[in-house]
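# Close look at the chain arrangement
Below are the chains, spelled out letter by letter.
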Amino acid sequence: MFRKLVTLEDAKKIIDENFKPIVIGDEDVALLEAYSRVLKDDIVSSIDVPSFDRSTVDGYAVKAEDTFEADENQSVSLNISGVVFAGEQPKMVLGKGEAVEIATGAPLPEGANAVVMVEDVERLDNQLQVYTAVTPYLNVMKKGSDIKCGKTVLHARQVLGASEIGVLAALGLTKTRCFKPPMVAVISIGDEVVAPGKLLSAGKIFDINTYSLSTAIMECGAKPVFFGLVSDDKAALSKTLETALTCADVVITSGGVSVGSHDYTPQIVDSLGKPGVVISGIAVKPGKPTTVAFAQDKPIFSLPGNPAAALLIFYLLVRPIIQRLCCRDPSEMRTIRAFAGAKLFSAKGRRTFIMVKLVLDIEKCRLVAEPVVGTSGAITLLSETDGFIEIIENQQYINKDEEVLVKLFKPI
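What this report covers is the structure whose coordinates are included nearby.

The rules we used
Per-chain numbering applies: the sequence of each chain, read as written, is numbered from 1 onward. Whole-chain, interface and lining totals are the exception, using all residues; otherwise, since this is a predicted model, local features are given only for residues with pLDDT of at least 70 and side-chain atom pairs are given and counted only at 80 or more. For side-chain calculations, the full set of non-hydrogen atoms in the structure is used, while hydrogens and water are omitted. We define the bend at any residue as the angle between the axes fitted to the seven residues before and including it, ending there, and the seven starting there. Elements are defined by DSSP. Helices are runs of H or I of four residues or more, strands are runs of E of two residues or more, and each kind is numbered from the N terminus. Buried, partly exposed and exposed residues are distinguished by accessible area as a fraction of the type maximum, computed with a 1.4 Å probe on protein chains only: under 20%, between the cut-offs, and over 50%, respectively. In this description, the arc belongs to the directions extending from the helix axis to the C-beta atoms. Here a residue-residue contact requires only that any non-hydrogen atoms of the pair lie within 4.5 Å. Here, the term nonpolar core denotes a set of buried Ala, Val, Leu, Ile, Met, Phe, Trp, Tyr and Cys residues that are joined through side-chain atoms within 4.5 Å. What makes a salt bridge here is a side-chain nitrogen of Lys or Arg within 4 Å of a carboxyl oxygen of Asp or Glu, nothing more. A pair of strands counts as paired when DSSP detects no fewer than two bridges linking them. The convention used is that axes are lines fitted to C-alpha atoms, helices contributing only their stretch in contact, and that angles between N-to-C directions extend from 0 to 180 degrees. Ring pairs are drawn from Phe, Tyr and Trp, using the six-membered ring of Trp, whenever the two centres fall within 6.5 Å, and their geometry is named by plane angle: stacked under 30 degrees, edge-to-face over 60, tilted for the rest. By the criterion adopted, a ring carries a charge over it if an Arg CZ or a Lys NZ lies within 6 Å of its centre and within 35 degrees of its normal.

### So, helix H6 (residues 307-325)
Its maximal kink placed at Val318, H6 deviates by approximately 50 degrees, while the proline Pro320 follows within four residues. At the exit of H6 stands Cys327, carrying a positive phi of roughly 65 degrees.

This is the structure:
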């Protein structure tokens, strides 16, 4: 397969020219299954929340004007005419000079407009001595004060988290309309790869990429579909890719993209349909042999087999596409400023990404980005890396103690 390296920026342009993400569809989703899904439509409340005036404390519902003369030196005496617990409808009407015992969350009885806290009263049988004045609606959550009927509480294309799902539940909804997540096929290629849990014989390694890439796909809001481990066999790989292309919206492979005699992936993805391979190598390190193809109007990302390189290229190129298919705005990776812990060199002519871990320099009160030692296939790069530093093509090196921008793989 030909190799014509393109810059990272040109690779992104080529992908955008060949692929315009469209909405997959929409469906009703039960609330308990709606976490991280994307709303299709605005949510407009059909009720007031709360739907009644409710007490925010344990105490006594009163007419505020009945307490205006009360203070710590001179109490006001009120008659207790009943009690209201949370969840029940008051049956009494509060008259002048009366009070009703009330629990937190209970509805105010008709005629009451405030609640005096239990700490500010003394009770003797059915007589209540009030030692503090209250203003109208003190310690009361008024009807509709949280959410008014007719108010738009959530907006279309909003990602549902715990608080948003709580809002939907507060409106009495059991399901909501969400965009369908894209299906992303994941295929690991190589005779040397073995599924975790299987016998690891000499010369074999456990499959890492299926799990790291599938998790990264889920973080975007999409659904990974594992199409199995495929050996370095043309017929087997062709059949698996054809099936994946039929069933999924995006196909991601790892391995088999270098220049070895058994690296068939670029040839096979190029044969799956027009336009075929549009990127055959990117001027980056790690990740140089990355291949991108399009067939049946679907993208096929063929990533290097090295776990760190595969995950890096996923974040740089694949993640924005999947986010857009999920109807999410592509989000930039979080960044943090630090100081280089060593002199860092670039690969000549290639955009270089140095994997680093962040260490707190207590003496100088600053974060230090220490390079993680190892090749792009080293497992320590995955377990120890917090993020990466980018060195552009025409920059030869970054000096030790030079301020750098670290793009984060994960929160720190």
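Having seen it, we continue.
### Here's the deal with helix H1 (residues 8-18)
All of the buried residues in H1 are Leu8, Ala11, Ile14 and Ile15. Projection of H1 onto a plane perpendicular to its axis shows the buried side chains occupying an angular sector of 120 degrees, all on one side. Relative to its buried face, H1 has exposed residues pointing more than 90 degrees away, namely Lys13 and Glu17. On its buried face, H1 is in contact with strand E18 (276-280), strand E19 (284-285), strand E20 (291-295), strand E21 (298-303), H6 and strand E24 (351-361).

### Quick notes on the nonpolar core
In this structure, Ile252, Phe301, Leu303, Phe314 and Ile322 are the most contacted members of the largest nonpolar core, which totals 43 residues. Here this core takes 13 residues from H6, the largest share from any one element. Setting aside residues up to four positions removed in sequence, Phe314 forms contacts with Leu213, Ala216, Ile217, Cys220, Ile252, Leu303, Arg319 and Ile322. Grouped together as the second largest cluster of nonpolar side chains are 18 residues, Leu237, Leu245, Tyr264 and Ile268 included.

### Observations concerning the pattern of salt bridges
According to the stated counting rule, one finds 15 salt bridges in the structure shown. Between Glu390 and Arg351 there is a salt bridge, with the nearest N and O atoms lying 2.4 Å from each other. You can see Glu390 sitting in strand E26 (residues 387-391) and its partner Arg351 sitting in strand E24, a full 39 residues away along the chain. Salt-bridge contacts for Arg366 lead to Asp401; the nearest nitrogen and oxygen are separated by 2.8 Å. Placement of the pair is Arg366 in strand E25 (residues 366-371) and Asp401 in the loop between strand E27 (397-398) and strand E28 (403-408), with a sequence separation of 35 residues. The exposure class assigned to Arg366 is buried, which follows from its relative accessible area of 17%.

### A word on the sheet that holds strand E7 (residues 114-117)
The six strands are arranged E7-E4-E6-E5-E9-E8 in an open sheet whose pairing can be described as mixed. The open sheet terminates on both sides in strands that have one partner only, identified here as E7 and strand E8 (121-124). For this sheet, the mean inter-axis angle between neighbouring strands, taken without regard to orientation, is 40 degrees. Judged from the four bridges that link them, strand E4 (residues 59-62) and E7 form a sheet pairing that is antiparallel. Of the residues in E7, the one forming a bridge with Val62 is Ala114.

### Some words on the packing of aromatic side chains
Under the definition given, this model contains six aromatic pairs. When the ring of Tyr315 is compared with that of Phe409, the centres are 5.2 Å apart and the planes differ by 55 degrees; the resulting orientation is tilted. Pair noted here: Tyr315 is in helix H6 and Phe409 is in the segment after E28, with a separation of 94 residues, a long-range link. Accessibility assignment for this pair places Tyr315 and Phe409 in one class, buried. Every member of this aromatic cluster is reached through a ring pair, and the members are Phe314, Tyr315, Phe353, Phe388 and Phe409. Residue placement shows Lys142 over the ring face of Tyr137; its charged tip is 4.3 Å from the ring centre. Just above the ring of Tyr397 sits the side chain of Lys343; from NZ or CZ to the centre is 4.2 Å.

### Side note on the environment of Ile147
Looking at where Ile147 falls in the secondary structure, it is placed in the loop between strand E10 (140-141) and strand E11 (152-154). On the accessibility criterion, Ile147 (7% relative accessible area) is buried. Discounting residues that sit within four places of it in the chain, Ile147 has contacts with Ser45, Ile47, Asp48, Val49, Val153, Val167 and Leu171.

### Topic: the sheet that holds strand E17 (residues 250-254)
What holds strands together in a sheet is hydrogen bonding between their backbones, with the strands either parallel or antiparallel. Strand order in the open sheet made by the six strands is E16-E13-E17-E21-E20-E18, with mixed pairing throughout. Both outer strands of the open sheet, strand E16 (223-230) and E18, are each paired with one neighbouring strand and no more. When the angles between neighbouring strand axes are averaged without regard to direction, this sheet yields 20 degrees. Of the strand pairs in this sheet, strand E13 (residues 183-189) and E17 are connected by five bridges, and their pairing is parallel. The residue of E17 that forms the bridge with Ile187 is Thr253. Along the sheet face, H1 touches E18, E20 and E21 and points at about 160 degrees away from the line of E18.

### Concerning unusual backbone geometry
Here Val49 and Pro50 are connected by a cis peptide whose omega angle stands at -5 degrees. Mapped onto the fold, Pro50 is located in the loop between strand E2 (43-44) and strand E3 (54-55). Here the bond from Lys274 into Pro275 is cis, since omega is 0 degrees, no more than 30 degrees from zero. Although it is not a glycine, Arg157 sits at a positive phi angle of roughly 70 degrees. Residue position: Arg157 is located in the loop between E11 and helix H2 (162-170).

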